[in-house]
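# Notes for the structure review
In case you want the letters, here they are:
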Amino acid sequence: MKAMKVSCVLVAASCAGVSFGGPLNPPAGPVAPTLKTLDDVEPRIPIDPSEAPYVITDPGSYYLTGNITADAGVGVGVAITIDAPDVTLDLRGFAIQNSLDSAFTRGVLVQTNQDNAVIMNGTIRGTTDDGIDAANADRCQALGVRAEACGGRGFEFGNYALVLGCTAEGCFSDGIDVGSFSVVADCIAANNGVNGIRAEQGSTVARCTSAGNATTGISGSSYCVFDACIARGNPVIGIQAGEQSTVTNCTARDCGTGFFMSFGCTVSNCASYSNDGGQNADGNGFETVSSGSVAFSNCSAVSNALRGFEAGSGSSLEGCAARSNQNDGFFLGSGASARGCTAAFNSGDGFDCNSGAVVDGCSSANNDGNGYILDAGAIARGCSARMNTIGFSSTGSALVSGCTSVQNDQRGFDLGDASRVMDSVAHSNTFEGIVVGNSGAVVECTATENGDKDGGPDGISTGLGSIVRGCSAANNAGAGIRVFDFSFVEHNLTRGRGISVTATHTRVSDNVAWGDSGDTAFGVPGGRNYVIRNHASSLMTLGININNHQGPTDTTIDAVLGSLANTQ
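Residues numbered from 1 in each chain as written. Predicted model: local features only at pLDDT ≥ 70, side-chain atom pairs only at ≥ 80, totals over all residues. Heavy atoms only, no water.

## Things to note about the pattern of salt bridges
The test is simple: Put simply, a salt bridge is a Lys or Arg side-chain nitrogen that is within 4 Å of an Asp or Glu carboxyl oxygen. Only runs of H or I of at least four residues qualify as helices and only runs of E of at least two qualify as strands under DSSP, and these elements are numbered from the N terminus. Each residue is placed in one exposure class: buried if its accessible area under a 1.4 Å probe, protein chains only, is under 20% of its type's maximum, exposed if it is over 50%, and partly exposed if it falls in between.
Taken as a whole and judged by the stated rule, the model has 26 salt bridges. Of the charged contacts, one joins Arg-125 and Glu-148 as a salt bridge, the two residues approaching to 3.5 Å between their closest N and O atoms. Of this pair, Arg-125 sits in strand β9 (residues 118–125) while Glu-148 sits in strand β11 (residues 141–148), and the two are 23 residues apart along the sequence. When its relative accessible area of 23% is taken as the criterion, Glu-148 is described as partly exposed. With its nearest N and O atoms 2.9 Å apart, the salt bridge here joins Arg-198 to Asp-177. One end of the pair, Arg-198, is in strand β18 (residues 197–199); the other, Asp-177, is in strand β15 (residues 176–178), and 21 residues separate them in sequence. Within the structure, one salt-bridge network assembled from shared partners comprises Arg-153, Glu-156, Asp-174, Asp-177, Arg-198 and Glu-200.

Here it is in structure tokens:
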């Protein structure tokens, strides 16, 4: 039995050797290395600081081995010149810098048409001109570079540039300046002598901060995109966009003017705070060129030195808010529109609307000026005014429809000649509820409890040749409805003081007056008016002159009074 076990073990061992054993004789010759060198993986050429000024004449990858500091011997030109295409220069965290004795003119210069240069990972400090100058080369990049206290621009690049994660601080001119169709992202530009970031047409500036620069924080030419940027403390303009540009999710604060938009821009979800009008800037939160046609949506303007929004002709605003600005909340140029916007606690008017402007579904409250100023041809639909000086005001032919004006310090609606007020409400205003000028119309409106003293302002009052139809006027301090010559007063209901016609050639028909003893139902003391089919409470006084042309016997609400023509 023992012998059999030993034999099996030997066989198993023999089989294992055959199955898994390697060759017994290695190949002839020396053993060669199997790993690649660093030069094989990424060929790179070192630049020793002692070699500066250094000129790169061949494409490839270069890197610094230490700081390059200017001295009397080397600080007379450019620290590193790139005179070849397709060069990558890695500063490796080191600095190109000046000294007490001397300074380089530029940290890195990319020569004309030497495209596709990449400069990364380091600092350029104290040059007498630009930190990086690639103005005459395209498709160049700066990645993670800091340019500090340079005598020109921090970064100057040509077209199709990429500037990513860089900082330009304390430079004499612009912080970052790029050509057309470039991208500047995740960068900081602070305390530079002109603009913080400036981009030519078709460029994108995203997630950047520009603060304390001498003029404009971020500016771009036409067709640019600005997203999620912050501009603060730039004394002229926070963010300035050229024609047809798009601005989203940006903030401007403590600048001269917050945002300045050229023709055809789109601005959404932006905020503008406490811009103070410094260095001849207007101090508006958002401002456009006069030709306008800028589309704003869901933007807010708070505590600016002038207006919240100054929107040129043809512009549109939707869902925007203006609060606590030192002048108007919104200024709308000719043909501009505001929908669902709010103006509150502004020192001027809530909405100042030029001819042809439209406000729709807006709210204006607690402004020191008027809620809405409507020039000739302006339209207000479905809007509200509360606790302003005048709720709705115009000097020309405005149209107001479906609006509410409550608790304003003076009139609820105070509109000029040929204006129309329809389906609107005036309540508890200190002066008259609704006033329109000559040839105006007040149709299907309600005026209640307007006027702060007995015998004072009226509910509804119109000028010559006007129409008041289908309205309700109740418990106003003065007359419920007051009209003048050549007017029509038809199908209205009053409570308290009724209808007063200080006129001739006016038609008063099919009206109902409800009131108490001492209230005058129909005050028509003049002559040559047509008074027909009117009804009054039996307790009221009928102040109708016998010389007015009367209709048939009228029936009152409570009793039969007899002919109005014979009742004083």
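## A look at the side chain of Asn-195
Inspection of the secondary structure puts Asn-195 in the loop between β17 (188–190) and β18. Judged by relative accessible area, which is 11%, Asn-195 ranks as buried.

## Focus: the packing of aromatic side chains
Applied cut-off: Working definition: a ring pair exists when centres of Phe, Tyr or Trp rings (six-membered ring for Trp) sit within 6.5 Å. Plane angles under 30 degrees give stacked, over 60 give edge-to-face, the rest tilted.
Applying the stated rule across the entire model yields 10 aromatic pairs. Ring centres of Phe-259 and Phe-286 lie 4.7 Å apart, and the angle between their planes is 15°; this geometry places the pair in the stacked category. Here Phe-259 is found in strand β27 (residues 257–261), whereas its partner Phe-286 is found in strand β30 (residues 286–288), with 27 residues between them in sequence. Note on Phe-259: relative accessible area 0%, which makes it buried. Overall, the relative accessible area of 0% leaves Phe-286 in the buried class. Taken together, a centroid distance of 4.9 Å and an interplanar angle of 5° make the contact between Phe-309 and Phe-330 stacked.

## Here we look at unusual backbone geometry
Residue Pro-53 follows Ala-52 across a cis peptide bond; omega there is -5°. Inspection of the secondary structure puts Pro-53 in the loop between β1 (45–47) and β2 (54–56). Of note, Asn-121 is a non-glycine position whose phi angle comes to about 60°, a positive value. Summarising the element assignment, Asn-121 is placed in strand β9. Backbone geometry at Ser-293 places phi at a positive 55°, although glycine is not the residue there. Within the element layout of this structure, Ser-293 appears in the loop between β30 and β31 (295–297).

## Looking at the confidence of the model for the protein chain
For clarity, the cut-off: Every residue carries a pLDDT, the predictor's confidence in it, which falls somewhere between 0 and 100. Residue contacts are defined here by distance: any two heavy atoms, one from each residue, within 4.5 Å place the two residues in contact.
Looking at the protein chain as a whole, the pLDDT averages 89, with 87% of positions reaching at least 70. The low-confidence segment residues 1–22, where pLDDT is below 50, has one contact with residues more than four positions distant or belonging to other chains. In the model, residues 552–568 has pLDDT below 50 throughout and makes 40 contacts with residues more than four positions away in sequence or in other chains.

## Description of the environment of Val-406
With respect to the helices and strands, the residue Val-406 is situated in strand β47 (residues 404–406). On the basis of relative accessibility, which here comes to 12%, the residue Val-406 falls in the buried class. In the structure, Val-406 is positioned 41 residues away from Ala-447 in sequence and 10.0 Å away in space, judged by C-alpha atoms. Apart from the residues lying within four places of it in its own chain, the contact partners of Val-406 are Ala-385, Arg-386, Met-387, His-427 and Asn-429.

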